[in-house]
Amino acid sequence: MEEPHRGIRALHTASTITVYQAYAPEIGVTAVRDGRFPSTWLRDRMTWIKPSFLWMMYRSNWGTSAGQETVLAVEITRAGFDWALRHACLSSYVRGLHPDRGTWQRELKRAPARVQWDPERDLHLRPLAHRSLQLGLSGEASSRYADEWTVSISDVTPLAREIRTLVNRGDLDSATRLLPQEQRYPAGDELLAHLRP
């Protein structure tokens, strides 16, 4: 099946979707241990979640970038994720999608979530032709993410290291078998029409 140019591919169940983030160990290890984000995790700050494992690997350099040494798989409710999409605004102005730049700026200021579409990545972290969703959460969305939507938090740093080792050895088949099985997320026009340029 052909990939849509902008689509959400994710590990998901009937009721949850898995997104990825990377943190310094003092945040990440504590979140895994407690199954929730600690009080030191700032709920009033913008936080970006990524349904694409390989995009998280690109962003965190396989969990080796400073402050991103602990890669988390955060399973959240689909109801929460869908709420964020419904209340999101594109992070950049698009002529034809937004009535005018001023309207977009007002929407962006009010929206508790924002969306960017960035090139998906392959196992070598090179950009692909299709784009992957990055979802920024702030204010109400950020608080709901941390305190209501989160179902479980897992440390996938060892998995990231294992896949990276296989890629470096040239064993792409074995690396591919270890990747999370991301499938097209069932987000129809009702959720994405206002977010697709």
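Our structure's up above, just so we're on the same page.
Let me begin by describing the structure that accompanies this report.

Calculation criteria
- Residues numbered from 1 in each chain as written.
- Predicted model: local features only at pLDDT ≥ 70, side-chain atom pairs only at ≥ 80, totals over all residues.
- Heavy atoms only, no water.
- Salt bridge = Lys/Arg side-chain N within 4 Å of Asp/Glu carboxyl O.
- Helix = DSSP H or I, 4+ residues; strand = E, 2+ residues; numbered from the N terminus.
- Pairing = 2+ DSSP bridges.
- Axes fitted to C-alpha atoms, helices over the stretch in contact; angles between N-to-C directions.
- Contact = heavy atoms within 4.5 Å.
- Buried < 20%, exposed > 50% of the residue type's maximum accessible area, 1.4 Å probe, protein only.
- Polar contact = N/O pair within 3.5 Å; in protein donor to acceptor, adjacent residues only side chain to side chain.

### Quick word on the pattern of salt bridges
A full pass over the atoms with the stated rule returns 6 salt bridges. As a salt-bridge pair, D147 and R36 come within 3.3 Å of each other at their nearest N and O atoms. Of the two residues, D147 sits in helix 5 (residues 139-149) while R36 sits in the loop between helix 1 (25-34) and strand 4 (47-49), which places them 111 residues apart along the sequence. Two residues, D147 and R43, come together in a salt bridge whose shortest N-O distance is 3.0 Å. Note that D147 is positioned in helix 5 and R43 in the loop between helix 1 and strand 4, a separation of 104 residues in sequence. Each of R36, R43 and D147 takes part in a single network of salt bridges with overlapping partners.

### Points about the sheet that holds strand 9 (residues 150-155)
The strand order 3-5-9 describes an open sheet built from 3 strands, whose pairing is antiparallel. Two strands in the sheet have a free side with no partner beyond their single neighbour: strand 3 (16-23) and strand 9. Along the sheet, successive strands turn relative to each other by an average axial angle of 25 degrees, direction set aside. Sheet topology note: the strand 5 (residues 70-77)/strand 9 ladder contains 5 bridges and is antiparallel. Counted as the bridge partner of I76 is T150 from strand 9. Set on the sheet, helix 3 (residues 78-86) makes contact with strand 3 and strand 5; between it and strand 5 the angle comes to about 95 degrees.

### Things to note about the environment of S65
Position of S65 relative to the elements: it lies in the loop between helix 2 (53-60) and strand 5. Residue class for S65 comes out partly exposed when judged on its relative accessible area of 22%. Between the alpha carbons of S65 and Y23 there is a distance of 9.5 Å; along the sequence they are 42 residues apart.

### Overview of the environment of T16
Tracing the backbone through its elements, the reader meets T16 in strand 3. Accessibility expressed as a relative area gives 8% for T16, which makes it buried. With 65 residues separating them along the chain, T16 and F81 place their C-alpha atoms 8.6 Å apart. The residues touching T16, leaving out its near neighbours within four places in the chain, are E75, I76, T77, R78 and V151. Among the polar contacts made by the side chain of T16, one reaches the side chain of T13 at a distance of 2.8 Å. One polar contact links T16 to E75, side chain to side chain, over a distance of 2.7 Å.

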